[in-house]
Every structure is written in C-alpha cells, then in structure tokens.
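Given next are the chains, with one letter for each unit.
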Amino acid sequence: MRIYAANQAAEEKGITAGLPLADAKALFPELRTEEAAPARDLEGLKRLALWCLRYSPLVTTHPPDGIAIDITGCAHLFDGEDAMLRLIEHQMQVFDLSAQLALSDTIGASWAAARFMKTSRTILTEGAQRRALAPLPVEALRLPPDIVLRLKQVGIRQISSLIDAPKPPLVTRFGAELVTRLEQAIGQSAEIFNPIAPAPIYEVRRPLMEPIRHLEAVELILEDMATNISAQLLQDNAAARRLDLFLFRVDGHVERLEARTSRLCNKAEHITLLFKERLSRLQEEIDIGFGYDLLLLGVYDVEPAEEKQLNWAPLKREEETSLSSEEISRLLDRFGNRFGFDRILHFQPFESHIPEKAIQVEVFSNRNRSSQWASQKENSSARPFLLLDRVEPITVLAEVPDGPPIRFQWRRQQHEVIAADGPERIAPEWWQTTKVEQSFQTRDYYRVEDQQGRRFWLYRDGLYNREQDHPRWFMQGLFP
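All values derive from a computational prediction rather than experimental measurement.

## Notes on the overall build of the protein
Within the protein, the secondary structure is distributed over 15 helices and 17 strands. Within the protein, residue pairs in contact and separated by at least 24 positions form 54% of the contacts whose partners lie at least 6 positions apart. Roughly 29,500 Å² of accessible area belongs to the protein as shown, and the carbon and sulfur atoms make up 52% of that amount.

Listed below in structure tokens is the structure:
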C-alpha cells in the first residue's frame, strides 16, 4: 500500500505521494490515513467546476486536481484579473481548500505555473510564456511519465532545453506529443477547450427508432416534449426562465437551441412557440445531415411559480386584462429570443454631457418615451449605441501624446487602428460640488476602427499639458 495523496502538514514531515505506507508510518507514527477514493474525488472536482461557472461560462476539469477557466472577456466584471484571482482564492479558503492559481494566454502555461511556481497567485503578461516556462522542469509540459523519464535519461530536465531545439529530431526521438504540448504551452498552436455544462433541473428525452430529417417532425415531437415538461413544472409549482433544446444527429453532432423568457413560463404552448421561432430562423442554417435520432428538452433556470392576484373587476374585463398582459409578455419573449434580450431596452435621457450619466436604461419598461430625445438627435451619429456598463482601462500607443491612438490593447487583445476621428472634448461639470465630480478630468473622445472593421469609442482622461492631470485611456463603447 502506498500514499496516494498527502496534505501540507504531512509533506512537511517528509510524506509524499508514492511513498509506501509502512515507510510513512515509520516517519510519523501518528499519521492519519483514509482509503483513497479517486472516483469520489473526481465527482467532487466536477461539482467544484460547476460552482466555478459563476466566473465564466467556459469551465473544464483537468483530473485529478485541476480546473481550467476561460475568462476571456469576463475579468472586467470582477474589477480586473488580479481582483478576480484574489476572489477565487478567498472562496477556496472558505471551502477549506488550498488552491494554486495562475493566469496566462494559454492553458498549458497556466497549468504549469499553478503547479510549479512558488507563489499562490501567478499572472503571466501577454507573450511571457516562453520566459516564464523556461526554468521549469519538463514535468510542467503535461507529459506522460515515460516521456519525462526518457528526457531525463538524455540530460533534458528543464523546458529551456526544448524551447529553441529543432522540432524534427524531438518528434523522431520522443514522439509528436512532446512538441504538441510545448507549442500549446508557449502559444504556437491552439488547444481544444471542452467546457462542462450543468445538468438540467428538468428534462425530457425522446429517443427515436428511425432518424428524422425534417424540421416539421422536430416541431411535432417538440409539442409533446413541451407538454411533458409543463406537467412537471406545474406539479412542482415551478416555472422556467431558460430552456435548451438539444438535437442529437446520428453522426454525433449536437445542435443546441436556447430559449429565454422575460416572465416565468410553465405553459406548453408558450414553450413550443419559443422554439418554433428559433427553428424557423435556423431552418436554412441547421445541417440535419442523416437526421436526428435523439431530442432532449431541458430546463436550467427554475423559480417558484408566481401566484396571480385577480382583481374584483367583472369577469369579461378581467379576462381582457389578463390576456393583454400575457400577450405582451409573450411578444417580448419572442422578440427577446429572436433578437436577444439585451436589445429589448428602454433608454431614458438624462441631462448630462458625461456619456455614462446621459442615459438611463430600463429593461421591459412600459413607460412613455420622453420628448427629450428630439433635442439630442444631432449628436446621435457621433455616439455609439452600445456603452459598457463601466469604462475599462486600455493600453494605447499614439504617435504624439495628445493625438489619436495607432494601436491599443483591450482585454488582452491587440488592435491596430487604421482610421480615427476626433477628438471630441468633454470638460468637467464645474457646477457639481461632489468629490466624484471634482475629480473628473477633461476627456478627449475618439472614434477608431481596427483592421477587422470593428469600431470603438475610447477616450483619454486628462491632458498632457496640465501638470495636475494624470492622463489615462479608457474604452467607453462600441459601434454596431
């Protein structure tokens, strides 16, 4: 019998994984042990990975002890990458877990830094994988034990000996996996990220004896599945916020359609209508191939069903009121699933020259539009429709200090500017007396376009010719 895993206190006594149990007891007679349960550990790792979905929709496991999270475009929601790692570390401590965290541009570099660097939190800047991985042992490349042993037999113990070595001799002597893992770690080749997904709270499966090749047949089966799901929800006095329809093709490909609702939904006809909208939109895009042999309808976001309070109006008027409210809700759901719920907004103007204060956004608002929009039409072309919830810092390279950018980095992505328009200068609101308003610096806004045709609205906060200013660049919005 051998030690399968050891905690930090045991390792301090010289007890490590692989040590015979008799030798471990000889080193520390009071050692407490439990029989290893790898299957139970793997199940716990999966549950922890599902919990990590709060940080990003893309999470996967690296058994036996690793979790990978793709946080591209998510870090700003947690006040930056460092703050995000600190939050995750704190949550792990609350769970009585000790975690080694690392962040980089590649999965391989993050895996190596988390396991072989001494700090509990490591952030590798863009393009720093080669320099950071060089002094680490070859085990950091996620190689099988036999390849690691063969590398050490020829004197190769660190990754620095492999980074600049010619690839063909390495493939010939050690196999293609060595070069693949090395290129993935330093960012020269891509790596497949297979994210996990939480299991549905309610689900209905329809395996088919013969594959179906027509969307009309899919809709007929969907009606029956929706009736079944509706019965389950009504029995538990529950309702859905999000439903997913999975179409399993005979060759293994899976088509996933998502439907969301603005109000709680547990009616079969409403569920059917939502997915018929999606199917009609994707009729020309979906490749049915040789047909579907399995359909699955799952409910993921569930809440207690709302009890409707009926008024004391006459029955006819009551029905009309209920029908009108229901139809409006269904109409919004159809628009939301067709165009996206983030596009069903009501913008309320506000008197302010500062962009983030000039518009108030309300979702599914039924209030009348304000007439103030008419006085702001002349400036609509210069302002983007899409503003970020919070401005995000960017790194900018400009030809002259107070000129437009020629290159900028946002969310760890480089953008080459091919066209720029501006600046549009916005001064502080001097009549405001709060400390927040007094700290507002003069802004110069630019509309820029990168090589891919994407257009951004960014600004420099502060002027270089003012000693009291501290100029910084921020991303404010996006043009469609």
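## A short note on the packing of aromatic side chains
Using the criterion set out here, one finds 11 aromatic pairs in the structure. When the centroid spacing of 5.4 Å and the interplanar angle of 50° are considered together, the rings of Tyr55 and Phe78 count as tilted. A residue pair is termed long-range when its members are at least 10 positions apart, and Tyr55 in the loop between α3 (38-51) and β1 (59-62) and Phe78 in the loop between β2 (66-69) and α4 (81-94) qualify at 23 residues. For Tyr55, a relative accessible area of 4% corresponds to the buried category. Aromatic rings pair up to connect Trp51, Tyr55, Phe78 and Phe95 into one cluster.

## Points about the sheet that holds strand β8 (residues 292-304)
With antiparallel pairing, the 4 strands of this open sheet are ordered in space as β5-β8-β6-β7. On the outer flanks of this sheet lie β5 (202-212) and β7 (254-265), each paired with one strand and no other. The mean inter-strand angle of the sheet, taken between neighbouring strand axes irrespective of direction, is 15°. In this sheet, β7 lies alongside strand β6 (residues 238-249) in antiparallel orientation, the contact comprising 8 bridges. Bridge pairing in β7 links Ala240 to Cys265. Contacts from helix α11 (residues 215-235) reach β5, β6, β7 and β8, with the element oriented near 155° to β5. Of the strands in this sheet, β6, β7 and β8 touch helix α12 (residues 268-281), which is tilted by about 135° from β7.

## Some remarks on the sheet that holds strand β11 (residues 386-393)
What the 7 strands build is an open sheet, ordered β11-β17-β16-β15-β14-β13-β12; its pairing is antiparallel. Two strands close off the open sheet at either side, each with one partner strand: β11 and β12 (395-398). When the angles between neighbouring strand axes are averaged without regard to direction, this sheet yields 30°.

## So, the pairing of β1
Every second residue of β1 is oriented toward a common face, with Val59 and Thr61 on one face and Thr60 and His62 on the other, all of them buried. As paired elements, β1 and β2 share 4 bridges and run antiparallel to each other. Paired with Thr61 across the bridge in β2 is Ile67. Where β1 hands over to β2, the hairpin turn is made up of 3 residues, counted between the paired strands.

## Topic: α4
Because the α-helix completes a turn every 3.6 residues, residues three or four places apart line up on one side. With 14 residues, α4 should reach 20 Å at 1.5 Å per residue; the first-to-last C-alpha distance of 20 Å fits that figure. Burial in α4 covers these residues: Glu81, Met84, Leu85, Ile88, Glu89 and Met92. What you see down the axis of α4 is that its buried residues fit within an arc of 135°, all on one side. In this fold, the buried residues of α4 make contact with α3, β2, β3 (101-103) and β4 (121-123).

## Quick notes on a nonpolar patch on the surface
A cluster of nonpolar side chains, contributed by Val94, Phe95 and Leu97, occupies part of the molecular surface with about 250 Å² of accessible area. Among the secondary structure elements, Phe95 is positioned in the loop between α4 and β3. Among the residues examined, Phe95 registers a relative accessible area of 35% and is labelled partly exposed.

## Some thoughts on the pattern of salt bridges
In this structure the tally under the stated criterion is 27 salt bridges. One salt bridge connects Glu258 with Arg242, and the closest N-O pair in it is separated by 3.7 Å. Taken together, the residues Glu258 in strand β7 and Arg242 in strand β6 connect sequence positions 16 residues apart. Here Arg447 and Asp421 are joined by a salt bridge, their closest N and O atoms 2.2 Å apart. In this pair, Arg447 sits in strand β15 (residues 443-450) while Asp421 sits in strand β14 (residues 413-426), placing the two residues 26 residues apart along the sequence.

## Some remarks on the side chain of Gln184
In this structure, Gln184 sits in helix α10 (residues 176-186). Ignoring anything within four residues of it in the chain, the contact list for Gln184 reads Thr106, Arg142, Ser189, Ala190 and Glu191.

## Here we look at the side chain of Thr442
Here Thr442 shows up in the loop between α15 (435-438) and β15. The class of Thr442 is buried, set by a relative accessible area of 3%. At 2.9 Å, the side chain of Thr442 and the side chain of Arg466 are in polar contact. Thr442 has contacts with Arg425, Ile426, Ala427, Pro428, Arg460, Asp461, Gly462, Leu463 and Arg466, leaving out every residue within four places of it along the chain.

## Brief notes about the nonpolar core
Within the largest apolar cluster, 31 residues are counted, with the highest numbers of intra-cluster contacts made by Val218, Ile229, Ile271, Phe275, Tyr292, Leu295 and Leu297. Among the secondary structure elements, those contributing two or more residues to this core are β5, α11, β6, β7, α12 and β8. Sorting elements by how many residues they give to this core places α11 first, with 8 residues. Beyond its immediate sequence surroundings of up to four residues, Ile271 is in contact with Ala226, Ile229, Leu243, Cys265 and Leu297.

## Brief notes about the pairing of β12
Where β12 lies against strand β13 (residues 405-410), 4 bridges are found, and the strand directions are antiparallel. Pairing of Ala398 across the sheet is with Pro405, part of β13. Two successive antiparallel strands, β12 and β13, enclose a turn made up of 6 residues.

Thresholds applied
- Residues numbered from 1 in each chain as written.
- Predicted model: local features only at pLDDT ≥ 70, side-chain atom pairs only at ≥ 80, totals over all residues.
- Heavy atoms only, no water.
- Helix = DSSP H or I, 4+ residues; strand = E, 2+ residues; numbered from the N terminus.
- Contact = heavy atoms within 4.5 Å.
- Areas by Shrake-Rupley, 256 points an atom, 1.4 Å probe, with all protein chains shown as cover.
- Phe/Tyr/Trp six-rings, centres within 6.5 Å; stacked < 30°, edge-to-face > 60°.
- Buried < 20%, exposed > 50% of the residue type's maximum accessible area, 1.4 Å probe, protein only.
- Pairing = 2+ DSSP bridges.
- Axes fitted to C-alpha atoms, helices over the stretch in contact; angles between N-to-C directions.
- Expected span 1.5 Å × (residues − 1).
- Arc of directions from axis to C-beta.
- Patch = residues over 30% accessible without salt bridge, like charges linked within 9 Å, V, L, I, M, F, W, Y side chains within 5 Å.
- Salt bridge = Lys/Arg side-chain N within 4 Å of Asp/Glu carboxyl O.
- Polar contact = N/O pair within 3.5 Å; in protein donor to acceptor, adjacent residues only side chain to side chain.
- Core = buried A, V, L, I, M, F, W, Y, C linked by side-chain atoms within 4.5 Å.

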